[in-house]
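Structure assessment
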Amino acid sequence: MNMDELRGRIDAVDDELLRCFAERMDIAGDIARYKAEHGLPVLDERREREKLFAVSEKAPEELQSYAVSLYALLFELSRSRQNRLLHRQSPLAESIQNAIGQTPTLFPEKAAVACQGVEGSNSQLACERLFRLPNELYFSSFDAVFNAIEKGLCRYGVLPIENSTAGSVNAVYDLMMRHQFHIVRSVRVKIDHNLLARPGAKLSGIREIYSHEQALSQCVKFLSSLPGVKVIPCENTAIAAKLVAESGRDDVAALSTRACERLYGLDCLAPSVQDTANNYTRFICIARDLEIYPGANRTSLMMTLRHEPGSLYKVLSRFYALGINLNKLESRPLPERNFEFMFYFDLENPVYDPAFLQLMSELGDISEEYTYLGSYSEVI
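The following paragraphs examine the structure supplied in this document. Model, not experiment: these values are computed from the prediction.

The rules behind each value
- Residues numbered from 1 in each chain as written.
- Predicted model: local features only at pLDDT ≥ 70, side-chain atom pairs only at ≥ 80, totals over all residues.
- Heavy atoms only, no water.
- Phe/Tyr/Trp six-rings, centres within 6.5 Å; stacked < 30°, edge-to-face > 60°.
- Helix = DSSP H or I, 4+ residues; strand = E, 2+ residues; numbered from the N terminus.
- Buried < 20%, exposed > 50% of the residue type's maximum accessible area, 1.4 Å probe, protein only.
- Lys NZ or Arg CZ within 6 Å of the ring centre and 35° of its normal.
- Core = buried A, V, L, I, M, F, W, Y, C linked by side-chain atoms within 4.5 Å.
- Contact = heavy atoms within 4.5 Å.
- 1 Å grid on protein atoms, 1.4 Å probe; cavity = no way out; pocket = protein on both sides within 12 Å on 5 of 7 lines; lining within 4 Å.
- Points joined across faces, edges and corners; volume = space filled by probe spheres on them.
- Nonpolar A, V, L, I, M, F, W, Y, C, P; charged D, E, K, R; others polar.
- Salt bridge = Lys/Arg side-chain N within 4 Å of Asp/Glu carboxyl O.
- Pairing = 2+ DSSP bridges.
- Axes fitted to C-alpha atoms, helices over the stretch in contact; angles between N-to-C directions.

On to the packing of aromatic side chains. This structure, assessed with the given rule, holds 9 aromatic pairs. Between Phe107 and Tyr293 the ring centres are 5.0 Å apart and the planes differ by 70 degrees, which places this aromatic pair in the edge-to-face class. Separated by 186 residues along the polypeptide, Phe107 in the loop between helix H4 (91-102) and strand S1 (110-116) and Tyr293 in the loop between strand S11 (280-287) and strand S12 (298-304) bring together distant segments of the chain. Judged by its relative accessible area of 13%, Phe107 is buried. Between the aromatic rings of Phe146 and Phe181, the centroid separation amounts to 5.2 Å while the plane-to-plane angle is 65 degrees, which identifies the pairing as edge-to-face. In this pair, Phe146 sits in helix H6 (residues 142-150) while Phe181 sits in the loop between helix H7 (170-176) and strand S5 (182-190), placing the two residues 35 residues apart along the sequence. By way of ring pairs, the aromatic residues Phe107, Phe131, Tyr156 and Tyr293 are connected into one cluster. Over the ring of Phe107 we find Arg185; its NZ or CZ atom is 4.3 Å from the centre of that ring.

Written out as structure tokens, the structure is:
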């Protein structure tokens, strides 16, 4: 038998599979209507477990795992269709629609904004990319920025969340699990690290270098070229520059911005010392209230999934079934649970898409717990 004949047999089987699939989904629709009439939930976990066990028993031994995977996906598709037919909408989906209608059409030009660090920080640069006339208030830690938003001290806060070279800012991810807030916009800022010191200092005389741990990790090659120099992490690149300016010493330097060079009267001993020229940090703008501005095409979620095989697969298959693109997947350990994780998702999909609102109504079916962080657009 040649390849054309084999493919012809596959096509015939596929035609039959498609007919059976359509018939199965029609029956699922009848089941949805029955459940609606009798006040039954769409998800019947016991029935799905029994069905998967029966499938594994009936399938040839060498195909059991494939058959179970196939039917698990079929169940996801069936539940998704049932929810769509029943037009069931969760309180979350309703709050999203309300926020779309109530949020102003233009992002504000001026506002009180909480930033971590001091003047001259990269958070300030991000803030000024987001707002034309921001009133920046500086706090000593990321936690303090979240607290300022929760307590209403500032309407917005700006926080770094990931860097193209050094990866995620884990401290911010961990705090996101503890605080109540919403992401209303994000921005990418090109990061340029410069070695700054007091006027008259020489590179050959530098013995200590201060900066934020993320900045230090982004300049490994340069730092390794300076044998005998002590590297000291601190809270922020701008704080590092301020420490050097106030130190009265010519043997210390900071990895910081050109803005800090001007602000604190320092000299640049070595410009652009980051490992890669394509070095960007993504900052999120957070608020206490849910605000969804026009053009929102990115959504952030946090989910706790059941500690069992296939739990993450079920979530990803639901995204796939609804045609929703996944931009980012990050996991962070849950301190109170051994070897369990909180998953962070960035989804790329217009907030106005019916498939998106359907997914928001189905989050409870595919996760143990979930937190909707917001829908927003990103300033490039």
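This part is about the nonpolar core. Grouped together as the largest cluster of nonpolar side chains are 26 residues, with contacts concentrated most on Phe146, Met176, Ile183, Ile286 and Tyr344. At the level of elements, H6, strand S3 (156-163), H7, S11, strand S14 (341-348) and strand S15 (369-376) are the ones that each hand at least two residues to this core. Beyond its immediate stretch of four places on either side in the chain, Phe146 contacts Leu159, Val172, Leu175, Met176, His179, Phe181 and Ile286. Counting residues in each nonpolar core, the second largest holds 25 residues, with Ile292, Leu347, Leu359 and Ile366 among its members.

This next bit is on unusual backbone geometry. Peptide bonds are trans in most cases, and residues, glycine excluded, mostly fall at negative phi. A positive phi angle, near 45 degrees, is found at Ser272, a position not held by glycine. Considering the arrangement of structural elements, one finds Ser272 in the loop between strand S10 (267-270) and S11.

Within this model, the largest pocket holds a volume of roughly 590 Å³. Lining the largest pocket are 23 residues, and of these Glu48, Arg306, Glu308, Pro309 and Lys314 sit closest to its centre. Only helix H2 (45-58), helix H3 (64-86), helix H12 (311-321) and helix H13 (354-366) provide two or more residues apiece to the lining of the largest pocket. In terms of residue count, H3 provides more of the lining of the largest pocket than any other element does, 5 residues in total. Of the residues in the lining of the largest pocket, the class split is 8 nonpolar, 5 polar and 10 charged. Counted as a void, the second largest pocket has a volume near 390 Å³.

This paragraph deals with the pattern of salt bridges. Pairing between side chains becomes possible if they bear opposite charge and their charged atoms approach one another. Tallied over the full model, the rule gives 26 salt bridges. A salt bridge links Lys328 to Glu162, with the nearest nitrogen and oxygen atoms 3.2 Å apart. On the criterion of sequence distance, the pair formed by Lys328 in strand S13 (residues 325-333) and Glu162 in strand S3 is long-range, its members being 166 residues apart. Here the two residues Lys328 and Glu162 agree in accessibility, since each one is buried. One network of salt bridges, with partners in common, ties together Glu162, Arg188, Arg282, Arg298, Lys328, Glu330, Asp346 and Glu378.

Attention now moves to empty space enclosed by the protein. Summary: where empty space remains is shown by rolling a probe the size of a single water molecule over the atoms. Tallied over the entire structure, the rule returns 2 cavities of 30 Å³ or more. Considered as a void within the structure, the largest cavity measures approximately 250 Å³ in volume. Taken together, 19 residues line the largest cavity, and the ones lying closest to its centre are Asn122, Pro160, His212, Gln214 and Thr237. Broken down by secondary-structure element, the contributors of at least two residues to the lining of the largest cavity are helix H5 (122-130), S3, helix H8 (213-217) and S11. The leading source of residues in the lining of the largest cavity is S3, at 3 residues. For the lining of the largest cavity, the per-class residue count stands at 6 nonpolar, 11 polar and 2 charged. Taken as a whole, the second largest cavity encloses approximately 40 Å³ of empty space.

Reading across from one edge, S13-S14-S12-S15 is the order of the 4 strands in this open sheet, with antiparallel pairing throughout. With one partner strand each, in any of the chains shown, S13 and S15 form the two edges of the open sheet. If you compare each strand with its neighbour and ignore which way they point, the axes differ by 15 degrees on average. The pairing of S12 with S14 spans 7 bridges and is antiparallel. Among the inter-strand pairings, Leu301 is bridged to a residue of S14, identified as Phe345. Across the sheet, H12 lies against S12, S13 and S14, angled at about 10 degrees from S14, the strand it touches most.

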